[in-house]
Amino acid sequence: MKLYNVAIVGASGAVGEEILRIFEEIDFPLAKLVPMASARSAGNGITFNGKELIIKELTPTVFAEEEIEIALFSAGGSVSAEFAPYAAEAGAVVIDNTSHFRMYEDVPLVVPEVNPEDIAQWRNRGIIANPNCSTIQMVQALKPLDDAYDLQRIDVSTYQATSGAGKTGMEELVEQMQAFFAFKLDDMEPKKFAHRIALNAIPQIDSFTDNGYTKEELKMVNETQKIMHKDIEVSATCVRIPTLRGHAETLTLTFDGAVDANEARELLSKAPNIIVLDTPSESIYPMPSLCMDQNETFVGRIRNDIFRDNVLHMWVVADNLRVGAATNAVRIAQKWVEMQGE
């Protein structure tokens, strides 16, 4: 089997660290792994499979110098915009975890459980885009139901963990909670978020647009349509809550015809990388605390609407750093490698 030289751009960030952990857990045809970051982090060491790897400085020429064949980017949109083209020019396939390339017409936006065939479009620019964390877990759960019942509309509310805002988001929550319990309320001034996140819920993720929706909410609209190849109606409300990891979503799904909750539950239980936890009488349902460090998307509270037989409600939870970012990126890489051998 051919082995591949893999770069992780943003290796010292929250998602980069998860990508490293996943590569330690799976059997990937890895020749060498090269962590990359800005000059500030370059020269530092990270541990991978019990060995220390030195972080390389991200430069326009480093991908060619290291003969990189797969480059996973998770260092911010401006970094991807500047350096992903250099990686592609050097012959690497870029799997980009930022929002920068997602809506480019000639860049595939991929969730392998939903639209793996789109990976073949990588040759257009040498780039494959990884969707938004909330979109990934949602479309994984939607795919089998759309195939069976023809999904017409999605109304979604998200409950997103602070890690969605990176390490600084998690640190702000922890520091504010420590200040609260130490009765140091003056130390709870928000920096990363628009308001205090500790013991609060903020109905804003990213900036607002002219139509009253935030950019995060519009990502869920536009990305869902692109991934599912369908002009489906989507309305999203995205909320930041004081958890560290694991995004949760309530979904109200409107189908073309009648839908049965028991049948939907069975379909989801057979879908790839979906785990159904749905015994509400025993208080068994997905929660962020159950999904941490897991590579699956958890679905529960599956129920028919009281008034309309074509409407289904459910609750979807996944680790946003894994399923919503690192795991999906690595699965794209795995699928890409598989396609090279076909």
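Everything here concerns the structure above.
Attention here is on the structure that accompanies the text.

### Some points on the overall build of the protein
Next, step 1: Check the secondary structure of the protein and you find nine helices and 14 strands.
Next, step 2: For the protein, the spread of C-alpha atoms along the three principal axes comes to 60 × 60 × 40 Å.
Next, step 3: Looking at the protein as a whole, 51% of its 342 residues qualify as buried.
Next, step 4: Considering only contacts in the protein between residues 6 or more positions apart, those separated by 24 or more positions represent 68%.
Next, step 5: For the protein, the accessible area works out to roughly 15,300 Å², and carbon and sulfur atoms hold 49% of it.
Next, step 6: Taken as two groups, the 30 positive and 50 negative side-chain charges of the protein have centres that lie 3 Å from each other.

### Focus on unusual backbone geometry
In most cases, non-glycine residues show a negative phi, while peptide bonds are predominantly trans.
Next, step 1: Look at D206: it is not a glycine, yet its phi comes out positive at around 75 degrees.
Next, step 2: If you trace the backbone, D206 turns up in the loop between α5 (167-181) and α6 (215-228).
Next, step 3: Despite not being glycine, S283 has its phi angle at roughly 60 degrees, a positive value.
Next, step 4: Inspection of the secondary structure puts S283 in the loop between β12 (274-276) and α8 (288-291).

### Focus: the pairing of strand β14 (residues 311-318)
Next, step 1: Among the eight residues in β14, eight count as buried, and that is most of the element.
Next, step 2: Side-chain alternation along β14 places V311, H313, W315 and V317 on one buried face and L312, M314, V316 and A318 on a second face that is also buried.
Next, step 3: Sheet topology places strand β11 (residues 247-255) next to β14; eight bridges connect them, and they run antiparallel. The residue of β14 that forms the bridge with T252 is H313.
Next, step 4: Pairing geometry for strand β13 (residues 297-304) and β14, over five bridges, is antiparallel. When the sheet's bridge partners are listed, F298 is paired in β14 with V317.
Next, step 5: Between β13 and the antiparallel strand that follows it, β14, lie six residues.

### With respect to the sheet that holds β13
Next, step 1: The sheet built from six strands is open, its strands ordered β10-β9-β11-β14-β13-β12 with mixed pairing. For this open sheet the edge positions go to β10 (233-240) and β12, each flanked by a neighbour on one side alone. Direction aside, the axes of adjacent strands within the sheet are offset by 20 degrees on average.

### Comments concerning the sheet that holds strand β7 (residues 93-96)
Next, step 1: Spatially, the six strands line up as an open sheet ordered β5-β2-β1-β6-β7-β8, and their pairing is parallel. Edge positions in the open sheet fall to β5 (56-57) and β8 (127-129), since each of these has one partner strand only.
Next, step 2: As paired strands, strand β6 (residues 70-73) and β7 are joined by four bridges and run parallel to one another. When the sheet's bridge partners are listed, I70 is paired in β7 with V93.

### Quick look at the environment of F73
Next, step 1: The topology assignment puts F73 in strand β6.
Next, step 2: Separated by 63 residues in the primary sequence, F73 and G10 have C-alpha atoms spaced 6.5 Å apart.
Next, step 3: Residue contacts for F73: discarding those within four places in its chain leaves V9, F63, V79, S80, F83, A84, A87, V94, I95, D96, N97 and T98.

### Points about a nonpolar patch on the surface
Next, step 1: There is a patch of nonpolar side chains on the surface, built from F180, F181, L185 and L199 and spanning about 420 Å² of accessible area.
Next, step 2: Tracing the chain through its elements places L199 in the loop between α5 and α6.
Next, step 3: Using a relative accessible area of 47% as the deciding quantity, one classes L199 as partly exposed.

### Brief notes about the state of the cysteines
Next, step 1: Summed over the entire model, instances satisfying the criterion amount to zero disulfides.
Next, step 2: You can see C133 has no disulfide; the closest cysteine sulfur is in C238, sitting 8.7 Å from it.
Next, step 3: Unpaired in terms of disulfides, C291 finds its nearest cysteine sulfur in C133, a separation of 12 Å.
Next, step 4: The class for C291 is buried, based on a relative accessible area of 1%.

### Regarding helix α3 (residues 77-89)
Next, step 1: In this model, α3 (13 residues) spans 18 Å end to end at C-alpha, consistent with the 18 Å of a helix rising 1.5 Å per residue.
Next, step 2: Helix geometry: α3 is bent most strongly at F83, by close to 40 degrees, with proline P85 lying one to four residues after it.
Next, step 3: Residues of α3 that are buried include every one of S80, F83, A84, A87 and A88, and no others.
Next, step 4: Buried residues in α3 make contact with α2 (62-65), β6, β7 and β8.
Next, step 5: At the exit of α3 stands G91, carrying a positive phi of roughly 100 degrees.

### Some remarks on the packing of aromatic side chains
Next, step 1: Enumeration according to the criterion identifies nine aromatic pairs in this entry.
Next, step 2: On the numbers, 5.8 Å between centres and 70 degrees between planes, the contact of Y4 with W336 is edge-to-face. Remark: W336 occurs in helix α9 (residues 322-340) and Y4 occurs in strand β1 (residues 4-9); sequence separation between them is 332 residues. Comparing Y4 with W336 shows no difference in burial state: the two are buried.
Next, step 3: Ring pairs connect the aromatic residues Y4, W122 and W336, which therefore count as one cluster.
Next, step 4: One cation-aromatic arrangement involves K2 over Y4; the distance from NZ or CZ to the ring centre is 4.8 Å.

Quick notes on the rules
Residue indices begin from 1 for each chain and proceed along its sequence in written order. Given that this is a predicted model, residues contribute local features only at a pLDDT of at least 70 and side-chain atom pairs are listed and counted only at 80 or more, while totals for whole chains, interfaces and linings are drawn from all residues. Excluding hydrogens and water, the side-chain figures rest on all heavy atoms present in the structure. Strands are runs of DSSP state E lasting at least two residues, helices are runs of H or I lasting at least four, and both sets are numbered from the N terminus onward. Burial status follows relative accessibility: with a 1.4 Å probe on protein chains alone, a residue under 20% of its type maximum counts as buried, one over 50% as exposed, and anything between as partly exposed. Residue contacts are counted whenever heavy atoms from the two residues lie within 4.5 Å of one another. In these tables, accessible area is a Shrake-Rupley quantity obtained with a 1.4 Å probe, and a residue counts as shielded only by the protein chains included in the view. Under the convention used here, Asp and Glu are negative, Lys and Arg are positive, and both His and the chain ends fall outside the count. Where a charge sits is defined by one atom per residue type, namely NZ (Lys), CZ (Arg), CG (Asp) or CD (Glu). At least two DSSP bridges between two strands are required for those strands to pair. Helix axes are fitted only over the stretch in contact, all axes being lines through C-alpha atoms; the angle between N-to-C directions runs from 0 to 180 degrees. Without a salt bridge and with relative accessible area above 30%, a residue can belong to a patch; like charges are then joined within 9 Å and nonpolar side chains (Val, Leu, Ile, Met, Phe, Trp, Tyr) within 5 Å. Throughout this description, the term salt bridge denotes a Lys or Arg side-chain nitrogen within 4 Å of a carboxyl oxygen of Asp or Glu. The criterion for a disulfide is a pair of cysteine sulfur atoms lying within 2.5 Å. One less than the residue count of a helix, multiplied by 1.5 Å, gives the span that helix is expected to have. To get the bend at any residue, fit one axis to the seven residues that end at it and another to the seven that begin at it, then take the angle between the two axes. By convention, a stacked pair of Phe, Tyr or Trp rings (six-membered ring in the case of Trp) has centres within 6.5 Å and planes under 30 degrees apart, an edge-to-face pair has planes over 60 apart, and any other such pair is tilted. Two conditions define a charge sitting above a ring: the NZ of Lys or the CZ of Arg must be within 6 Å of the ring centre, and it must be within 35 degrees of the ring normal.

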